[in-house]
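Results of the structural survey
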Amino acid sequence: LKWLHLSKNKIKSISFKNIPKLTGINLDGNFLRSFFRHTFINLPSLETLAFNTNKLVFIDENAFENVTNLRKVYMQTNEIENLNFLKNLPNLRI
């Protein structure tokens, strides 16, 4: 599994753990409100994450544990109050 497309599925909560070859996740157009601690854990190949047009307000600083290769995050049209989670993504291109 390299790419996971879950856009427009009315998803309210989700978590991903130990999918070593996953490089991309598309969660656009769902009903996600929060990414809590360990929402994304041990995804060493993840490079792209899209969660545009959700209802996200909160992303925990530790939502991305051992997600060291994440380079692109697309998060337009949300209501995220705090971007502290970005400091734990060393390879993110801004």
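For the structure, see preceding data.
Residues numbered from 1 in each chain as written. Predicted model: local features only at pLDDT ≥ 70, side-chain atom pairs only at ≥ 80, totals over all residues. Heavy atoms only, no water.

Focus on the sheet that holds strand β5 (residues 40–41)
- Reading across the sheet, the three strands line up as β2-β5-β8 and stay open at both edges, with parallel pairing between neighbours. Taken across any chain shown, the strands that pair with only one partner, and hence form the sheet edges, are β2 (16–17) and β8 (64–65). (Pairing = 2+ DSSP bridges. Helix = DSSP H or I, 4+ residues; strand = E, 2+ residues; numbered from the N terminus.)

Some remarks on the packing of aromatic side chains
- Inspection of the entire model under this criterion finds six aromatic pairs.
- Seen in terms of ring centroids, F36 and F58 are 5.9 Å apart; in terms of plane orientation they differ by 45 degrees. Their pairing is tilted. Placement of the pair is F36 in the loop between β4 (34–35) and β5 and F58 in strand β7 (residues 58–59), with a sequence separation of 22 residues.
- For F58, a relative accessible area of 37% gives the class partly exposed.
- An aromatic cluster is present here, built from F16, F35, F40, F51, F64 and F85 joined pairwise through their rings. (Phe/Tyr/Trp six-rings, centres within 6.5 Å; stacked < 30°, edge-to-face > 60°. Buried < 20%, exposed > 50% of the residue type's maximum accessible area, 1.4 Å probe, protein only.)

Description of the sheet that holds strand β9 (residues 72–74)
- Taken in spatial order, the four strands line up as β1-β3-β6-β9 in an open sheet, and their pairing is parallel. Edge positions in the sheet fall to β1 (3–5) and β9, since each has one partner strand and no second. On average, each strand axis in the sheet is inclined to that of its neighbour by 5 degrees, with strand direction left out of account.
- The sheet contact formed by β1 and strand β3 (residues 24–26) spans three bridges and is parallel. (Axes fitted to C-alpha atoms, helices over the stretch in contact; angles between N-to-C directions.)

A few points about the pattern of salt bridges
- Counting across every chain of the model gives two salt bridges.
- With its nearest N and O atoms 3.2 Å apart, the salt bridge here joins K87 to E61. Here the residue K87 occupies a position in the segment after β9, and E61 occupies one in the loop between β7 and β8, the gap between them amounting to 26 residues.
- With relative accessibility at 59%, the residue K87 sits in the exposed group.
- In this structure E61 comes out as partly exposed when scored by relative accessible area, which is 32%. (Salt bridge = Lys/Arg side-chain N within 4 Å of Asp/Glu carboxyl O.)

Scope: geometric values only; no functional claims are made or implied.
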